[in-house]
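Breakdown of the fold
Residue strings, one per chain:
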Number of protein chains: 2
Amino acid sequence: MTALQDQSTAGAGRTIISVDAMGGDRGPAAVVAGISRSAKKNPDIGFILHGPKAELDKLVARKKPLAGRVEIRDAQGVVTMEDKPSHVMRHGKDTSMWSALDAVRSGDADVCVSCGNTGALMALSMVRLRKLPGVNRPAIAVLWPSRNPQGFNVMLDVGADVRADEHDLLQYALMGASYARNGMDLPRPRIGLLNVGTEEHKGRAELKLAHDLIKSNADRAGLDFVGFVEGSDIPGDACDVIVTDGFTGNVALKTGEGTASLIGDLLKEAFQFSPLSRLASLLAFTSMQRLKKRIDPRRVNGGVFLGLNGTVVKSHGSADATGIAAAVKLAHLLSQSGFSHKLAARVASASEQVQDTATEQSEDGGKE
Amino acid sequence: MTALQDQSTAGAGRTIISVDAMGGDRGPAAVVAGISRSAKKNPDIGFILHGPKAELDKLVARKKPLAGRVEIRDAQGVVTMEDKPSHVMRHGKDTSMWSALDAVRSGDADVCVSCGNTGALMALSMVRLRKLPGVNRPAIAVLWPSRNPQGFNVMLDVGADVRADEHDLLQYALMGASYARNGMDLPRPRIGLLNVGTEEHKGRAELKLAHDLIKSNADRAGLDFVGFVEGSDIPGDACDVIVTDGFTGNVALKTGEGTASLIGDLLKEAFQFSPLSRLASLLAFTSMQRLKKRIDPRRVNGGVFLGLNGTVVKSHGSADATGIAAAVKLAHLLSQSGFSHKLAARVASASEQVQDTATEQSEDGGKE
């Protein structure tokens, strides 16, 4: 990969991140401001930026930290938040999103960052990058503020697909573990399977099957399986990775975000209530900033698409410069650790083993 | 019902609440303290209290507000948090939970309150109270702090059953609307169906069917159907009642609770960080108390079992006196409004209409 990356005009020896400049709610100016912030902090990152060249040239020229660090690839089309994924797959060849993914496909970059339409980005990623061998359903993983020492837990799938059978849930466990290993430096992540209770007899039938499947693969996959966990464990410390289907994960993610946002607003109201409480809010300012930083969704800005040939970091549509910089930071971390290749190897090896086990069981007269 | 209630020794003319004194994490003392608080605040409530008579006699005698307001029914057995529902159904005849439900079954009380084992309480309720005609799956509804003027939204099902088909979801919509009408004084509640996006083509197949079914019954049922909502709308103001299956609802409930609890703890930490922030916390004390009261789960303590012949309020297992008093308050409100009977009438009428529609469609050659 490094050899290919060196051929990019974005800078020899640098880790190259492919960035879709368009499609976010705040337009390309926020994206350029974000990558400029990243460039300033980290001299090892170079960018391939995708969008209308004339506009991007101007924006990039204004940012000193980006001098000599950005290759701009012209793409006139923009995927909007309203575009249907199926439409983008058929007619999106001229878009910045397509171009950004193709830079990963060709090997010019290891990781792609976009804050555009999630559905279209997932659909295009499937077509352009293709699924890893052994993966049936790719997943979107997010980081969630938690009581664990690392400050965050991984949850997946949060919306790539509304269904997941027991084999998909096993894949999610393997991919989530790989992400926690490379993105959070946890050598042996603890995996929990989301259910409505921690007892083994509870929940849906496919969850019981998934429980046994993950359990029997845990050792070989280098992970600790803690069994069933509940919604309260998503921000807890019972495990590092929460595995669930994309329907449940999406609802949980948005419920948590909504609850945090409601509490934040009520907190502001409480501090505005009386002169005394307004004074308190001044004194508490730095404490509150610290808390805000700890749970700021922009700091963990970046759902990661797992299970493809290459990694895609999906930033919030409303991401500002801080949010984009956080997504680039995550992309850089994953690129540097060789995450895509490690994940691919891990999934391939596990899927061989599952097949072996299935074959053995067949030979023993067991069920496949 | 009133005639029957008058026969109870707990006080003529009073609304009688049947209370299971046992099975909560804090024992009968917390329950008696809770009902004493309710009795003091509201002279219209009388209680039938279930548990070991000698122990309860002593606890009740110590509370002046309870003098002449409590009938104690002796029950020596206790359902523990570890007991399996199936075991309790077969061998639980001598338990306080069984006795508490039977007071509703016999008509001595309209509503039962228990902070015991949820699974066992639901299973026993099904057996002793039986499902309402037209209801396939009863549901557990909770109140959730929200941005709406009433301060709370209703969400159901949060865990009575892990499955729900489109007909169940329609029933949940009707029952949730009835609950919002009687428990929150909303004449025409807005109902939302929980999904991963608000577009009509998104989500699982049964949700699309439920969408159309609720939509076509909305007018007759006196509710506004706002269509699909997302997790972020659970604490929001897009609707008053969120309808979902018990698996998703349970995960959402616990995720929200866990997130709120994490933020609360981080807030405390932030205020302990420096002398300045500790001073700020003193000044902010009343503001914080106000906020805490607004989102205190104990204030909305009480999942309500809907779809049975009689209403059961399930209090948190860890409920203290404040929590028990909140559950009794809710039970009283529902009992006074004649909720059980209104709900039964509403469901019966809707189920006739659905059958009529089905018949009409059959006659027209449409699908049943």
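Residues numbered from 1 in each chain as written. Chains lettered and ligands numbered in written order. Predicted model: local features only at pLDDT ≥ 70, side-chain atom pairs only at ≥ 80, totals over all residues. Heavy atoms only, no water.

Under an unreviewed UniProt entry, the name given to chain A is Phosphate acyltransferase, and the source organism is Thalassovita gelatinovora. The UniProt entry for chain A carries this comment under Subunit (unreviewed entry): "Homodimer. Probably interacts with PlsY." UniProt's Sequence similarities (unreviewed entry) comment on chain A is quoted here verbatim: "Belongs to the PlsX family." (UniProt positions renumbered as here; feature names shortened; annotations may be inferred.)

**Remarks on the overall build of chain A**
Looking only at helices and strands, chain A features 13 helices and 11 strands. Among the 368 residues that make up chain A, the fraction classed as buried is 60%. Within chain A, contacts between residues at least 6 apart in sequence are counted, and of these 72% link residues at least 24 apart. For chain A, the exposed area adds up to about 15200 Å²; of that, 52% sits on carbon and sulfur atoms. (Helix = DSSP H or I, 4+ residues; strand = E, 2+ residues; numbered from the N terminus. Buried < 20%, exposed > 50% of the residue type's maximum accessible area, 1.4 Å probe, protein only. Contact = heavy atoms within 4.5 Å. Areas by Shrake-Rupley, 256 points an atom, 1.4 Å probe, with all protein chains shown as cover.)

**A closer look at the relation of the copies chain A and chain B**
In screw terms, the move from chain A to chain B is a rotation of 180° and a rise of 0.0 Å along the axis, fitting with an RMSD of 0.0 Å. Both copies are brought into coincidence by an operation consistent with a two-fold rotation axis. Residue by residue, 100% of the interface of chain A is reproduced at the interface of chain B, so both copies engage with the same surface. (Least-squares fit on C-alpha atoms with pLDDT ≥ 70 in both.)

**A word on the nonpolar core**
By size, the foremost hydrophobic cluster in this structure holds 103 residues, and its most contacted members are Phe47(B), Leu49(B) and Tyr179(B). Examining the composition of this core, we find that 9 residues originate from one element, helix 7 (residues 166–183) of chain B, more than from any other. Counting 99 residues, the second largest nonpolar core, distinct from the first, contains Val79(A), Met155(A), Ala180(A) and Leu186(A). (Core = buried A, V, L, I, M, F, W, Y, C linked by side-chain atoms within 4.5 Å.)

**Some remarks on a nonpolar patch on the surface**
Residue and element names in this part refer to chain A. On the surface, Leu276, Leu279 and Leu282 cluster together into a nonpolar patch covering about 300 Å² of accessible area. Mapped onto the secondary structure, Leu276 falls in helix 10 (residues 275–283). The class for Leu276 is partly exposed, based on a relative accessible area of 45%. (Patch = residues over 30% accessible without salt bridge, like charges linked within 9 Å, V, L, I, M, F, W, Y side chains within 5 Å. Salt bridge = Lys/Arg side-chain N within 4 Å of Asp/Glu carboxyl O.)

**Some remarks on the interface of chain A and chain B**
A common measure of how large an interface is: the accessible area buried when the components associate. Each partner contributes to the interface: chain A provides 52 residues, whereas chain B provides 52 residues. Both sides of the chain A and chain B interface together cover about 4500 Å² of buried area, and 72% of this is carbon and sulfur. Among the residues chain A hides against chain B, the three largest losses belong to Arg204(A), Phe247(A) and Leu283(A). Together they make up 14% of the total. The interface formed by chain A and chain B holds 6 salt bridges in total. Across the salt bridge formed by Asp245(A) and Arg204(B), the nearest N and O atoms sit 3.2 Å from each other. Mapped onto the side of chain A that touches chain B, the elements with two or more residues apiece are strand 5 (139–145), helix 9 (246–272), helix 10 and helix 11 (285–295) of chain A. When residues of the side of chain A that touches chain B are assigned to their parent elements, the largest contribution, 20 residues, is made by helix 9 of chain A. (Buried area = accessible area lost by both parts, 1.4 Å probe.)

**Focus on the pattern of salt bridges**
All names here are of chain A. With the rule as written, the count across this model stands at 26 salt bridges over all chains. One salt bridge in this structure joins Arg137 and Asp168, with 2.7 Å as the shortest N-O distance. Placement of the pair is Arg137 in the loop between helix 6 (118–129) and strand 5 and Asp168 in helix 7 (residues 166–184), with a sequence separation of 31 residues. Considered together, Arg137 and Asp168 belong to a single accessibility category, that of buried residues. Across the salt bridge formed by Arg163 and Asp161, the nearest N and O atoms sit 3.4 Å from each other. Under the relative-accessibility criterion, Asp161 is labelled buried at 17%. Ionic contacts of the salt-bridge type, sharing partners, join the residues Arg137, Asp161, Arg163 and Asp168 into one network.

**Re the environment of Val78(B)**
Residue and element names in this part refer to chain B. Mapped onto the fold, Val78 is located in the loop between strand 3 (70–74) and helix 4 (85–91). For Val78 and Gly116, which are 38 residues apart along the polypeptide, the C-alpha to C-alpha distance reads 9.1 Å. Setting aside anything within four residues of it in sequence, one finds Val78 in contact with Met22, Gly23, Asp83 and Thr95.

**A short note on the sheet that holds strand 7 (residues 190–194) of chain A**
All names here are of chain A. In space, the 11 strands of this open sheet follow the order 3-2-1-4-11-10-5-6-9-7-8, with mixed pairing throughout. The open sheet has two free edges, formed respectively by strand 3 (70–74) and strand 8 (224–229), since each of these has just one partner strand. Mean inter-strand twist for the sheet, computed between neighbouring axes without regard to direction, equals 25°. The pairing of strand 7 with strand 8 spans 5 bridges and is classified as parallel. Bridging from a neighbouring strand, Arg190 pairs with Asp224 of strand 8. Docked against the sheet, helix 2 (residues 27–41) engages strand 1 (15–20), strand 2 (45–51) and strand 3, running at close to 170° with respect to strand 2. Lying over the sheet, helix 6 contacts strand 4 (111–114), strand 5, strand 10 (303–306) and strand 11 (311–314), oriented at roughly 170° with respect to strand 11. (Pairing = 2+ DSSP bridges. Axes fitted to C-alpha atoms, helices over the stretch in contact; angles between N-to-C directions.)

**A closer look at the packing of helix 9 of chain A against helix 10 of chain A**
Residues and elements named next belong to chain A. The N-to-C vectors of helix 9 and helix 10 enclose an angle of 120°; their axes lie 6 Å apart at closest approach. Taken together, the axes of helix 9 and helix 10 lie oblique to each other. Between helix 9 and helix 10, the contacting residues are Ala270, Phe271 and Gln272 on the first element and Ser277, Arg278, Ala280 and Ser281 on the second. Residues of the contact of helix 9 with helix 10, tallied by class, amount to 3 nonpolar, 3 polar and 1 charged. (Parallel < 35°, antiparallel > 145°, perpendicular 65-115°, else oblique. Nonpolar A, V, L, I, M, F, W, Y, C, P; charged D, E, K, R; others polar.)

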